[in-house]
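A structural walkthrough
The residues making up each chain are set out below.
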Amino acid sequence: QVQLVESGGGLVQGGGSLRLSCAASGNIFSVEYMAWYRQAQGKQRELVASITGSDSTSYTASAKGRFTISRDNAKNTLFLQMNSLKPEDTAVYYCNANLRHSRLQPSRNYWGQGTQVTVSS
């Protein structure tokens, strides 16, 4: 069993910062690809940023230059530093990860339960 638990969401004024965390726990052999998604009310879930096992990162255009994704491999933890937040960043942010339960098993995909980020104008 694997759990992805997000934390760090909350209410912040426009221009402010938040740091999201996602801790993966359970039967984990290795964590490969990790990513942050978000879903605003009434909209589809969208990819915000991703990071590979070799720390190669990718960002959606709206996040580039403002958000930074990083990971602590020793603790199986993912982070998202969000600066210069805008009201349009308001959404539920979800952690997503591909991980293996053993060396011989293929990777499986998991989602966290989400954390609310609200940016006031």
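Please refer to the structure higher up on the page.
Residues numbered from 1 in each chain as written. Predicted model: local features only at pLDDT ≥ 70, side-chain atom pairs only at ≥ 80, totals over all residues. Heavy atoms only, no water.

**Quick notes on the packing of aromatic side chains**
Applying the stated criterion across every chain, the model contains two aromatic pairs. Judged by centre distance (6.4 Å) and plane angle (85°), the ring pair of Tyr94 and Trp111 falls under edge-to-face. Here the residue Tyr94 occupies a position in strand 9 (residues 91-100), and Trp111 occupies one in strand 10 (residues 108-111), the gap between them amounting to 17 residues. Put simply, the rings of Tyr37, Tyr94 and Trp111 pair up and form one aromatic cluster. The ring of Phe79 carries the charged tip of Arg19 above its face, separated from the ring centre by 4.0 Å. Positioned over the ring face of Trp111 is Arg45, at 4.6 Å from the centre of the ring. (Phe/Tyr/Trp six-rings, centres within 6.5 Å; stacked < 30°, edge-to-face > 60°. Helix = DSSP H or I, 4+ residues; strand = E, 2+ residues; numbered from the N terminus. Lys NZ or Arg CZ within 6 Å of the ring centre and 35° of its normal.)

**Let's talk about the nonpolar core**
Trp36, Val48, Phe67, Leu78, Leu80, Met82 and Tyr93 are the most contacted members of the largest nonpolar core, which totals 29 residues. Those elements that provide at least two residues to this core are strand 1 (2-7), strand 3 (18-26), strand 4 (30-39), strand 5 (46-51), strand 7 (67-72), strand 8 (77-82), strand 9 and strand 11 (115-120). Counting residues per element, this core draws most heavily on strand 9, at five residues. (Core = buried A, V, L, I, M, F, W, Y, C linked by side-chain atoms within 4.5 Å. Buried < 20%, exposed > 50% of the residue type's maximum accessible area, 1.4 Å probe, protein only.)

**Quick notes on the environment of Gln39**
Looking at the secondary structure, you find Gln39 in strand 4. For the pair Gln39 and Val92, spaced 53 residues apart in sequence, the C-alpha separation works out to 5.3 Å. In this structure Gln39 touches Gln44, Arg45, Ala91, Val92 and Tyr94, once residues within four positions along its chain are discounted. From its side chain, Gln39 meets the backbone oxygen of Lys43 in a polar contact 3.1 Å long. (Contact = heavy atoms within 4.5 Å. Polar contact = N/O pair within 3.5 Å; in protein donor to acceptor, adjacent residues only side chain to side chain.)

**So, the environment of Phe79**
Examined against the element boundaries, Phe79 turns out to sit in strand 8. We classify Phe79 as buried; its relative accessible area is 15%. Each C-alpha atom, one on Phe79 and one on Thr68, is 8.0 Å from the other, the two residues being 11 residues apart in sequence. Phe79 has contacts with Arg19, Leu20, Ser21, Trp36, Thr68, Ile69, Ser70, Arg71 and Asp72, leaving out every residue within four places of it along the chain.

**A look at the pattern of salt bridges**
Evaluation of the coordinates by the stated rule reveals four salt bridges. Where Glu32 meets Arg100, a salt bridge forms, and the shortest distance between an N and an O atom there is 2.5 Å. A residue pair is termed long-range when its members are at least 10 positions apart, and Glu32 in strand 4 and Arg100 in strand 9 qualify at 68 residues. The partly exposed category is assigned to Glu32, whose relative accessible area is 24%. With its nearest N and O atoms 3.0 Å apart, the salt bridge here joins Asp89 to Arg38. With a gap of 51 residues between them, Asp89 in the loop between strand 8 and strand 9 and Arg38 in strand 4 connect regions that are remote in the sequence. Taking relative accessible area as the criterion, Arg38 reaches 6% and is therefore assigned buried. In this structure, a network of salt bridges that share partners links the residues Arg38, Glu46, Arg66 and Asp89. (Salt bridge = Lys/Arg side-chain N within 4 Å of Asp/Glu carboxyl O.)

The values are spatial; any link to function lies outside them.
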